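# Architecture and fold: a report
Each chain, letter by letter, is given below.
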Amino acid sequence: MGNAELLTAEDVELMQGLAQRVTALRPDLVNGDASFGELAWNWGRGHTADGAHWPRRLWFAGRDLVAWGWAQLPRRVRLNDGSVKDVTGANLIHQVHPGHAELLDEVITWFDTTAGAVERTALPGAGDEFASTRWAAHGYRPDPAALGDTGSWTQLNERDLTDLEEPVLPGGFRFRTAAEAGTAAAVRAHVDAWAPSAYTAESYEGVRRTTAYRGDLHVLVEAPDGTMAASAILWLDEPNKTAEFEPVGTHPAYRRRGLARAMLLHGLRRARDAGATHATVACLGAAGRPAARELYYGVGFRELCRDAPVVKTAG
């Protein structure tokens, strides 16, 4: 059975529960943007501005959620530099428990019906052969724009939390947490790293409202002048003892000083102290976009899996 309405915070908790169960069985089958931390981050930061454009449908087996689809429909996004971005297509975030793989056809059909005649995109996993055949059967094809040498496809990276290096910051810099630094500093750190951005204090309040958020695992690097030069949030999946970084960013004026590397190592140590034994982080995987991948590889992460973006043209 299924039901359809706009996505809520309670839905996200259920969806995170499915992410945890799939992670325990087949972490390579957790679809892009459907991981424990990504769900909290993406819902928290965007639900106030974009939630009216976020229908969802849930599928249950008894009381257990076994599949879901979250459609992100066309909308206008306002950025903090005064510009606007018109999103003209629809994107699907989704997850299906591997024991109920046949429900993928229902998820795709629901998405097509909900999105209508606009261009539609989704992120099945590259290693999910069954999903690949089902997307193709519904008229979806590999997205050439996303898959090129400068495309937007992502890979998920992992490492265990043994043998962690000691983080080293340049003189005068220090580690902080969002719990210590406060809302304004945490928001400014993200906006500076990702400008132009739609992120606001209201966005951060949404992130903080998610049950998965912990201010002590939201780490920052403070420059000698008080600027928050880098920041990252870690999301702790306690049953799987896994910590996920999302997002990670550095102020443009403070890049290439080793701050992000030190912050990642510091975050990994904090995650280990909180009970994690394993960590993940996603990044762009295209050959022409090596910066983040090289950063993560430099602190011991290696590729676990990758997505395979698909697209269905308008009409």
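All figures in this text were calculated on a predicted structure; none of them were measured in a lab. (Residues numbered from 1 in each chain as written. Predicted model: local features only at pLDDT ≥ 70, side-chain atom pairs only at ≥ 80, totals over all residues. Heavy atoms only, no water.)

### A few points about the overall build of the chain
- Within the chain, the secondary structure is distributed over ten helices and 16 strands.
- For a compact globule of 315 residues, the expected C-alpha radius of gyration is about 20 Å, and the chain comes in at 19 Å, within 12% of that figure.
- In terms of overall dimensions, the chain has a C-alpha envelope of 55 × 45 × 40 Å along the principal axes.
- For the chain, with 315 residues in total, the buried portion stands at 51%.
- For the chain, restricting intrachain contacts to residue pairs at least 6 apart in sequence, the fraction spanning at least 24 positions comes to 72%.
- For the chain, the exposed area adds up to about 14,100 Å²; of that, 50% sits on carbon and sulfur atoms.
- Each charge class in the chain can be summarised by its mean position, and for the 33 positive and 40 negative side chains these summaries are 3 Å apart. (Helix = DSSP H or I, 4+ residues; strand = E, 2+ residues; numbered from the N terminus. Rg over C-alpha atoms; globule rule 2.2 N^0.38 Å. Buried < 20%, exposed > 50% of the residue type's maximum accessible area, 1.4 Å probe, protein only. Contact = heavy atoms within 4.5 Å. Areas by Shrake-Rupley, 256 points an atom, 1.4 Å probe, with all protein chains shown as cover. Lys, Arg positive; Asp, Glu negative; His and termini not counted. Charge placed at Lys NZ, Arg CZ, Asp CG, Glu CD.)

### Brief notes about the UniProt feature "domain: N-acetyltransferase" (unreviewed entry) in the chain
- Residues annotated in UniProt with the feature "domain: N-acetyltransferase" (unreviewed entry) correspond here to residues 173-315.
- Span residues 173-315 is 33% helix and 30% strand, its end C-alpha atoms 54 Å apart. (UniProt positions renumbered as here; feature names shortened; annotations may be inferred.)

### Things to note about the packing of helix H3 (residues 104-115) against helix H4 (residues 129-137)
- Remark: H3 packs on H4, axes separated minimally by 10 Å, with the N-to-C direction vectors making an angle of 35 degrees. In the crossing of H3 with H4, the sense of the turn from one axis to the other is right-handed. Where H3 approaches H4, its residues Leu104, Asp105 and Ile108 are matched on the opposing element by Ala131, Arg134 and Trp135.
- In terms of residue class, the contact of H3 with H4 is made up of four nonpolar, no polar and two charged. (Axes fitted to C-alpha atoms, helices over the stretch in contact; angles between N-to-C directions. Left-handed = near helix turned anticlockwise from the far one by under 90°. Nonpolar A, V, L, I, M, F, W, Y, C, P; charged D, E, K, R; others polar.)

### So, the pattern of salt bridges
- Counted by the stated rule, this structure contains 17 salt bridges.
- Ionic pairing is found between Asp105 and Arg134, a salt bridge with its closest N-O pair at 3.1 Å. A residue pair is termed long-range when its members are at least 10 positions apart, and Asp105 in helix H3 and Arg134 in helix H4 qualify at 29 residues.
- For Arg134, a relative accessible area of 25% translates into the label partly exposed.
- The residue Arg306 makes a salt bridge to Glu303 at a minimum N-O spacing of 2.9 Å. (Salt bridge = Lys/Arg side-chain N within 4 Å of Asp/Glu carboxyl O.)

### Thoughts on helix H7 (residues 183-194)
- A rise of 1.5 Å per residue sets the reference length of H7, with its twelve residues, at 16 Å; its end C-alpha atoms lie 17 Å apart and thus fit the reference within 8%.
- Among the residues making up H7, those that are buried are Ala185, Ala186, Val187, Ala189, His190, Val191, Asp192 and Ala193.
- Elements in contact with the buried residues of H7: helix H2 (36-50), helix H6 (178-181), helix H8 (201-209), strand E11 (218-222), strand E12 (228-237) and strand E13 (242-250). (Expected span 1.5 Å × (residues − 1).)

### Here's the deal with the nonpolar core
- With 31 residues, the main nonpolar core has Phe173, Phe245 and Phe301 as its most contacted residues.
- Secondary structure elements with two or more residues in this core: E11, E12, E13, helix H9 (259-273) and strand E14 (278-284).
- Ranked by residues supplied to this core, first place goes to H9 with seven residues.
- Other than its neighbours up to four places away in sequence, Phe301 contacts Asn157, Glu158, Arg159, Phe245, Leu268, Ala279, Thr280, Val281 and Tyr296.
- Core analysis: the second largest hydrophobic core is formed by 20 residues, Ala71, Ala90, Val107 and Ala122 among them. (Core = buried A, V, L, I, M, F, W, Y, C linked by side-chain atoms within 4.5 Å.)

### As for the side chain of Asn42
- For Asn42, the position within the fold is in helix H2.
- For Asn42, a relative accessible area of 11% translates into the label buried.
- In terms of polar contacts, Asn42 uses its side chain to reach the side chain of Arg45, at 2.9 Å.
- Beyond its immediate sequence surroundings of up to four residues, Asn42 is in contact with Asp33, Trp54 and Trp70. (Polar contact = N/O pair within 3.5 Å; in protein donor to acceptor, adjacent residues only side chain to side chain.)

### Quick look at the packing of H7 against H8
- Put simply, H7 and H8 touch, their axes get as near as 10 Å, and they point 105 degrees apart. When the interaxial angle is binned, H7 and H8 end up roughly perpendicular. Contacts between H7 and H8 pair Thr183, Ala186 and Val187 from the former with Ala201, Tyr204, Glu205 and Arg208 from the latter. (Parallel < 35°, antiparallel > 145°, perpendicular 65-115°, else oblique.)

### So, the environment of Gln16
- Along the chain, Gln16 turns up in helix H1 (residues 9-25).
- Sequence-wise, Gln16 and Val191 are 175 residues apart; in three dimensions their C-alpha atoms are separated by 26 Å.

### Considering the sheet that holds E12
- The sheet built from seven strands is open, its strands ordered E10-E11-E12-E13-E14-E9-E15 with mixed pairing. The open sheet terminates on both sides in strands that have one partner only, identified here as strand E10 (174-177) and strand E15 (302-306). Across this sheet, the average inter-strand angle for adjacent strands is 30 degrees, counted without regard to direction.
- Where E13 and E14 come together, four bridges link them in parallel fashion. Each residue of the ladder has a partner; that of Phe245, found in E14, is Val281.
- The strands touched by H7 are E11, E12 and E13; relative to E13, the strand with the most contacts, the crossing angle is about 65 degrees. (Pairing = 2+ DSSP bridges.)

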